[in-house]
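Coordinate analysis (summary)
Each chain, letter by letter, is given below.
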Amino acid sequence: MSVAESTHTIEDVVARGMCVGCGACSVATSGRVVVRFTSIGMRQADLEGVSPADIARGDQVCPFSDNAPDEDQLDAPTDWGRRLSHDHRIGRYSLVAAGRRVDESALLESSSGGLTSWIVGRLLKEGLVDGILHVGDGGPDGLFSYNVSHSLAEADGRRKSKYYAVTLAELVQEIQGNGKRYAIVGIPCFIKAARLLALQNPALAEQFAYYVGLVCGHLKTRFFAESLAWQIGVPPEQLASVDFRVKNPERPASRYDMAVSSADDPTTVLQHEVAKLLGGSWGHAVFQPEGCNFCDDIFAETADVVFGDAWLPQYSKDWRGNNVLVSRNEQIDELLRAGQREGEIQLDEIDVAAAVASQAGNYRHRRDGLAVRLHDDIRAGLSVPRKRVSPGLAHVTRRRVKLIRQRRRISALSFGAFRAALASGRIETYLERLRPELSKHDRLSKKPFAGMRRRLQNLVRRLRRGQGAR
Ligand SMILES: Cc1cc2nc3c(=O)[nH]c(=O)nc-3n(C[C@H](O)[C@H](O)[C@H](O)COP(=O)(O)OP(=O)(O)OC[C@H]3O[C@@H](n4cnc5c(N)ncnc54)[C@H](O)[C@@H]3O)c2cc1C
Ligand code: SF4
Ligand code: SF4
């Protein structure tokens, strides 16, 4: 059997460092698979000493195992959703829109258009759920962890994106079987993991009443928060709080700030434009775990509804922020339409192509790039998960192949470079190691001959001006 045909199991997921720490295997084995902190700054499953029966249980719920159904097989959560039109890039859809909430203060206290916190608030207000499982401050994962919110005030206190590795392991075991119904908010692989758990466990299937996805570029381990905060002036051992998404009226929505505070002076908040910090550009993929190199789901295809940033020129120029959303659930559609009628939210229907365009970089990384990485790893004899993308190089230029490989190299190098910085107590150790790698990436990402073309255009312009003057 060739590598491409062999089955990629949970053991391969863990051995290859592809675990995203979702914790589904831990829930499926009542905690016998432990999700522990590893050297890359996140919690990952430890299969050491786990019985074959428990490994088999975990295997069925692991989002990267070939023994679990894939996104197409899982499909939308409801029968209604599974009858909708399907697009291979975004999954099923009944409503594709860009929009935001109208209340200015709520909008400014959210990451994008605030529609994620608005919809979970609506689900609570209407009594459709008893609580929200989402990420807020503190807890077992460090600065942020999964929490349950039972009231609107609690849920609103946990707005904004947490670009931080967290797990569902403990929280889902805590709520399992308590008879309450929840909306679970998560990035696509976590939603897939929750759906897989629901397939195995009828009690959880009842309890996960709504799956609310977040569009995802890739995961960041805690080193991301720590490395950016350190550059702003707060070293990791002092880091008390992080706000990854501070809107800045001076700039378009895409050029947001980050705010951090230190334990020795929690009232002083330091703020900085994220994209100007080393590793702040998502295109560089620092601290991205290996699993994200093998993920093809951008719009949380197994969720009832998914929200992201509307990275389209007409929306991103407004610093206040806007969402892109894809709904696949009749009740969610009704709640959104009601919110629009009542003037609480604004929605513009957009077409599928526009939704895809809002995540153009993600598609390049997770579809075109994935094909290259599958090709590379299969050729190297490594185990890879079965994906909905075929391995190959022919679809991209040789320069793009180099760029895709350089990006992967940066992710892998970033962890060791940051550990070296932690050991030396100097952020420069990390910055100096990464700088040449990012420069190489940036050179490759520029259009070939762009500089030469610009110089030629300038020369022609100068010559024409010279002729005009004669
Ligand atoms: C790791 C990660 C990568 C992302 N990558 C992209 C991307 O490439 N492109 C893009 O368009 N959007 C991406 N997003 C989504 C984006 O950052 C916003 O979260 C999304 O647009 C919703 O914004 P909002 O204003 O509607 O959310 P808000 O109204 O601010 O509400 C956010 C809600 O999400 C919950 N939440 C925050 N972080 C997490 C988390 N890690 N896991 C589970 N729940 C969480 C909060 O508790 C809150 O309920 C990413 C999000 C994450 C967490
Ligand atoms: S990805 Fe999730 S289910 Fe798979 S091994 Fe890691 S924690 Fe377990
Ligand atoms: S890129 Fe995929 S695997 Fe990585 S965090 Fe996002 S959804 Fe999960």
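Residues numbered from 1 in each chain as written. Chains lettered and ligands numbered in written order. Predicted model: local features only at pLDDT ≥ 70, side-chain atom pairs only at ≥ 80, totals over all residues. Heavy atoms only, no water.

This brings us to the environment of Gly 425. Residue placement: Gly 425 occurs in the loop between α17 (398-424) and α18 (427-445). For the pair formed by Gly 425 and Thr 116, sequence separation is 309 residues and the distance between their alpha carbons is 39 Å. (Helix = DSSP H or I, 4+ residues; strand = E, 2+ residues; numbered from the N terminus.)

Within a beta sheet, neighbouring strands are joined by backbone hydrogen bonds and run either parallel or antiparallel to one another. The strand order β7-β6-β8-β9-β13-β14-β5-β15 describes an open sheet built from eight strands, whose pairing is mixed. In this open sheet, the two edge strands, each paired with only one partner strand, are β7 (144-149) and β15 (345-349). On average, adjacent strands in this sheet sit at an angle of 30° to one another, irrespective of strand direction. Bridging between strand β5 (residues 95-101) and strand β14 (residues 323-327) involves five bridges; their strand directions are antiparallel. Across the sheet, Leu 95 pairs through a bridge with Ser 327, a residue of β14. Docked against the sheet, helix α10 (residues 188-200) engages β7, β8 (182-186) and β9 (208-214), running at close to 160° with respect to β9. (Pairing = 2+ DSSP bridges. Axes fitted to C-alpha atoms, helices over the stretch in contact; angles between N-to-C directions. Contact = heavy atoms within 4.5 Å.)

On to the domain arrangement of the protein chain. We note that the domain assignment places domain 1 (10-220 + 287-361) and domain 2 (362-451) within the protein chain. Each of domain 1 and domain 2 was reduced to a C-alpha centroid, and the two centroids are 26 Å apart. Across the domain 1 to domain 2 interface the summed buried area is about 2900 Å²; carbon plus sulfur atoms make up 45%. Broken down residue by residue, the surface that domain 1 buries against domain 2 is led by Phe 287, Phe 294 and Asp 296, which jointly contribute 26%. (Domains from an automatic or database assignment. Buried area = accessible area lost by both parts, 1.4 Å probe.)

This next bit is on the site of ligand 2. Looking at ligand 2, the residues that line it are Ile 10, Val 14, Cys 19, Val 20, Gly 21, Cys 22, Gly 23, Cys 25, Ala 45, Cys 62 and Pro 63. Of the residues belonging to the shell around ligand 2, the class tally is nine nonpolar, two polar and no charged. (Near = heavy atom within 4 Å. Nonpolar A, V, L, I, M, F, W, Y, C, P; charged D, E, K, R; others polar.)

Another aspect to go through is the sheet that holds strand β10 (residues 239-246). If you trace the three strands from one edge of the open sheet to the other, you get β10-β11-β12, paired in antiparallel fashion. Two strands bound the open sheet, and with one partner strand each, they are β10 and β12 (265-273). Direction aside, the axes of adjacent strands within the sheet are offset by 20° on average. Across five bridges, the pairing between β10 and strand β11 (residues 257-262) is antiparallel. Following the sheet pairing, Val 246 is matched in β11 by Asp 257.

On to the packing of aromatic side chains. How two aromatic rings sit relative to each other is given by the distance of their centres and the angle of their planes. Applying the stated rule across the entire model yields 16 aromatic pairs. Look at Phe 144 and Tyr 164: their rings are 5.3 Å apart centre to centre, the planes differ by 80°, and that puts the pair in the edge-to-face class. Highlighted residues: Phe 144 in strand β7 and Tyr 164 in the loop between α8 (152-156) and α9 (169-175), separated in sequence by 20 residues. Comparing Phe 144 with Tyr 164 shows no difference in burial state: the two are buried. Aromatic pair Phe 144 and Phe 244: ring centres 5.9 Å apart, planes at 40°, arrangement tilted. Taken together, the residues Phe 144 in strand β7 and Phe 244 in strand β10 connect sequence positions 100 residues apart. Residue classification places Phe 244 among the buried positions, given a relative accessible area of 2%. Following the ring pairs from residue to residue traces out a cluster consisting of Phe 144, Tyr 163, Tyr 164, Phe 224, Phe 244 and Trp 282. Arg 43 extends its terminal NZ or CZ atom over the ring of Phe 37, reaching a point 5.9 Å from the ring centre. A cation sits over an aromatic face here: Arg 195 above Tyr 211, 5.7 Å from the ring centre. (Phe/Tyr/Trp six-rings, centres within 6.5 Å; stacked < 30°, edge-to-face > 60°. Buried < 20%, exposed > 50% of the residue type's maximum accessible area, 1.4 Å probe, protein only. Lys NZ or Arg CZ within 6 Å of the ring centre and 35° of its normal.)

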